[in-house]
Amino acid sequence: GFQEAFEASRESDLGNGLKVRIVTVEDLVLLKFIAWNDRPADRERDAEDIVFIFEHYLKFAPGSEDLLYEQHKDILEANSFDADLAAIQLLAYRIKLRAKPETLALLREITGNEPKQTSFVAAMLARKTSDSYRADKARMKLVAFRRGLD
């Protein structure tokens with residue numbers, strides 16, 4: 001995950017000779033999944049961050065909304081034209097395109113393994129207090145993400 005993130009990162013000049021590398025939203029999600037998988041009991045915050053990105057992906061990733069509506073209508077159709085779920089699947093698809101085979105295999109294992117899915121959904125819901133954010137909706141988001149990896 002780190003190598004992919006570094007390779008896709010962009011250098012940004014903050015002025016006064018200070019330059020930093022900034023990872024893409026897609027790589028941030030990849031790294032968050034790996035960190036959560038390493039220590040799920042200690043990394044609920046990573047799951048929460050992933051949920052936040054899931055919910056705001058089209059705003060965070062420049063050009064992703066146009067990409068979804070212009071080039072990936074099939075993803076919209078696969079998600080019954082639910083733009084939120086389609087965006088999550090697009091996010092995963094874009095990760096898949098540049099992930100190394102071993103990283104992709106790990107991500108598929110994290111998101112496709114039933115006990116890990118259940119644990120991840122619980123972490124996604126850990127601090128959510130709204131009745132509108134239920135386990136079934138969280139699982140739908142995780143399933144949409146997993147579809148994008150296939």
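Only a predicted model underlies this, so the values are computations on that prediction, with no experimental measurement involved. (Residues numbered from 1 in each chain as written. Predicted model: local features only at pLDDT ≥ 70, side-chain atom pairs only at ≥ 80, totals over all residues. Heavy atoms only, no water.)

What to know about the packing of helix 2 (residues 25–38) against helix 3 (residues 44–60)
Where we set the bar: Between N-to-C directions, angles span 0 to 180 degrees; the directions come from axes that are lines fitted to C-alpha atoms, helices contributing only their stretch in contact. Helix numbers and strand numbers start at the N terminus; a helix is a DSSP run of H or I with at least 4 residues, a strand a run of E with at least 2. These descriptions rest on fixed angle ranges, namely under 35 degrees for roughly parallel, over 145 for roughly antiparallel, 65 to 115 for roughly perpendicular, and the rest for oblique. Handedness of each helix crossing follows the sense of rotation of the near helix against the far helix: counterclockwise by less than a right angle gives left-handed, clockwise gives right-handed. Contacts were defined at the residue level, with two residues in contact if any of their heavy atoms lie within 4.5 Å. Classification convention: Asp, Glu, Lys, Arg as charged; Ala, Val, Leu, Ile, Met, Phe, Trp, Tyr, Cys, Pro as nonpolar; all other residues, Gly among them, as polar.
At a minimum axis separation of 10 Å, helix 2 and helix 3 run at an interaxial angle of 165 degrees. Judged by the angle between their axes, helix 2 and helix 3 are roughly antiparallel. Helix-helix and strand crossings are classified by hand; for helix 2 and helix 3 the assignment is left-handed. Residues V25, E26, L28, V29, K32, F33, A35 and W36 of helix 2 form the contact with helix 3, whose participating residues are D46, A47, D49, I50, I53, F54, Y57 and F60. Grouping the constituent residues of the contact of helix 2 with helix 3 by class yields twelve nonpolar, no polar and four charged.

Let's talk about the environment of F145
The cut-off we apply is this: Relative accessible area decides the class of each residue, using a 1.4 Å probe on protein chains only: under 20% of the type maximum gives buried, over 50% gives exposed, and in between gives partly exposed.
Structurally, F145 can be placed in helix 9 (residues 135–149). You can call F145 buried: its relative accessible area is 0%. For F145 and A78, which are 67 residues apart along the polypeptide, the C-alpha to C-alpha distance reads 12 Å. Setting aside anything within four residues of it in sequence, one finds F145 in contact with V29, F33, F54, I88, L91, A92, I95, L107 and T111.

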